[in-house]
Structure formats: C-alpha cells, structure tokens
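If you want the building blocks of each chain, they are given just below.
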Amino acid sequence: VGQAGKDVVWVPTPQPLVEKMLDLAKITAQDLHYDLGSGDGRTVITAAKRGARSFGIEYNPDMVELSRQNAAAAKVSPDRATFVQADLFETDFSKANVVTLFLLPSINMKLRDKILAMAPGTRIVANTFTMEDWQADQTETVSGDCVSWCTALLWIVPAKAEGTWQVGNETLVLTQKFQMLE
C-alpha cells in the first residue's frame, strides 16, 4: 500500500468490491477487460478467472512485476491476464468492452472524453470516485468484509445521438452530445 504511481499512490481495492465491480459489469468470457491503474493485479486476475481476457495497465514497474507473480501464484494464464507497464493516458484501451478503475475524480475526468468515445454499451466500473456530472447508471456499496473503499459505480457508455432526427412527421433536435438510445 502506498506505492507511488504517476498520479496516485496504490491503495488496493478490497476483494469483495472487486467481485461486486465485476458483477455490476456482468463480465463474461466474451469480454475484453482493461483495468486502468491495475496495482497488484487483483481485478485483472479475478476477471481472468471469470473467463475474460483481461489487461492491467500500471505505471509502476514494481507493481507490474508483483501482478505477474500474483497471477502465476493464482494459476492464471498470461494469455488471460496480461500486465503492461504504461501510462494510462497514452494507452489505447478503445477495444475494451469493460473498463475498471480506482482513480481520483480528476483523473477520471481526464479520461472521460476517451471513455465516451468508446463503443456504445461499454461498461465502466469505478471504485468510489465519480465522473462529476456524468451520473452513474448504478451504484452499489458492499458491507461486511469491506470497511473502506466499498462503493462500486457503473456507467454504460451511451450512443452518440446529437443532431437532427426525423421520427415520423416529427423532427427532433438533440443538443446533448451523449444520450442513450433505447
């Protein structure tokens, strides 16, 4: 705990919250998952155990090595749980359909445009911290074994619907850049 990163120090997500975050994301073996700021690898390892192909992006090379050791100890294949030492702001995670993160709100906001450019339906799950005015689609708090950092927030990347739309004889003008289409 407290390992320095580029913009934050590492604080582990409690395992009960890791499970809740992945439950909220409804992660499956068909998913491509990225954990931004993957720390000791626990979220990536847990996602891989659920069958997802999972990538951990971590700035601190010592934490990347620890993650690889933890994955090997958990008998998780490197083709299911991959750890990369990289700057999350310079990493292309656009192909992911599930992204997890435990980053400060200011960092979440720096990533928000990149996240909103992802495919509609992509699931974003954060530990504790918000995306300011982008309200979470679902929020759940874990109790019992979890005593701090115990809230998971889920956002679903919306479809881009800005513009003029013709619905029957009606013309609709959408001025908000991002809206969900049902």
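Here, every reference points to the structure presented above.
Remember, it's a predicted structure, so these values are computed and weren't measured experimentally.

A.B. asks: Mind showing me how you'd approach the side chain of His-33 here?
C.D. replies: Considering the arrangement of structural elements, one finds His-33 in strand β1 (residues 32–36). Side-chain polar atoms of His-33 contact the side chain of Thr-100, separated by 2.8 Å. When neighbours within four sequence positions are excluded, His-33 is seen to be in contact with Leu-22, Ile-27, Thr-43, Val-44, Ala-47, Arg-53, Ser-54, Phe-55, Val-98 and Thr-100.

A.B. asks: How should the pairing of strand β2 (residues 53–58) be read in this particular structure?
C.D. replies: Look at any regular strand and the pattern is simple: side chains alternate between the two faces of the sheet. When you tally the buried positions in β2, you get 5 out of 6 residues, the bulk of the element. Handedness of the crossover is the feature at issue here: the chain leaves β1, passes through helix α2 (residues 42–49), returns alongside β2, and the resulting connection is right-handed. In this fold, the crossover linking β2 to strand β3 (residues 81–85) by way of helix α3 (residues 61–73) has right-handed handedness.

A.B. asks: Honestly, the packing of aromatic side chains in this entry has me stumped. Any pointers?
C.D. replies: Ring pairs (aromatic) are described by centroid distance and by the angle formed between their planes. Using the criterion set out here, one finds 5 aromatic pairs in the structure. With centroids separated by 5.9 Å and ring planes inclined at 40 degrees, the aromatic side chains of Trp-134 and Trp-155 adopt a geometry described as tilted. In this pair, Trp-134 is assigned in the loop between β5 (123–127) and β6 (138–141) and Trp-155 in strand β7 (residues 151–156), connecting sequence segments 21 residues apart. Per residue, the accessibility class of Trp-134 equals that of Trp-155, and both read buried. Through pairs of rings, three or more aromatic residues link up here, namely Phe-102, Phe-129 and Trp-149.

A.B. asks: I would appreciate a short explanation of the nonpolar core in the present structure.
C.D. replies: Within soluble globular proteins, side chains that are nonpolar tend to cluster in buried spots. The biggest cluster of nonpolar side chains holds 23 residues, and the ones touching the most others in it are Leu-36, Phe-93, Val-99, Leu-101, Leu-111, Ile-115 and Ile-124. Counting only elements with at least two residues in this core, the list comes to β1, β2, β4 (98–101), α4 (105–116), β5 and β7. Considering every element that reaches this core, the biggest residue donor is α4, with 4 residues. Once you skip the residues sitting within four places of it in the chain, Phe-93 turns out to touch Tyr-34, Leu-36, Leu-88, Val-99, Leu-111, Lys-114, Ile-115 and Met-118. Grouped together as the second largest cluster of nonpolar side chains are 16 residues, Leu-17, Ala-52, Val-142 and Cys-146 included.

Thresholds, definitions, all that
Residues numbered from 1 in each chain as written. Predicted model: local features only at pLDDT ≥ 70, side-chain atom pairs only at ≥ 80, totals over all residues. Heavy atoms only, no water. Helix = DSSP H or I, 4+ residues; strand = E, 2+ residues; numbered from the N terminus. Polar contact = N/O pair within 3.5 Å; in protein donor to acceptor, adjacent residues only side chain to side chain. Contact = heavy atoms within 4.5 Å. Buried < 20%, exposed > 50% of the residue type's maximum accessible area, 1.4 Å probe, protein only. Right-handed = clockwise from strand over helix to strand, strands pointing away. Phe/Tyr/Trp six-rings, centres within 6.5 Å; stacked < 30°, edge-to-face > 60°. Core = buried A, V, L, I, M, F, W, Y, C linked by side-chain atoms within 4.5 Å.

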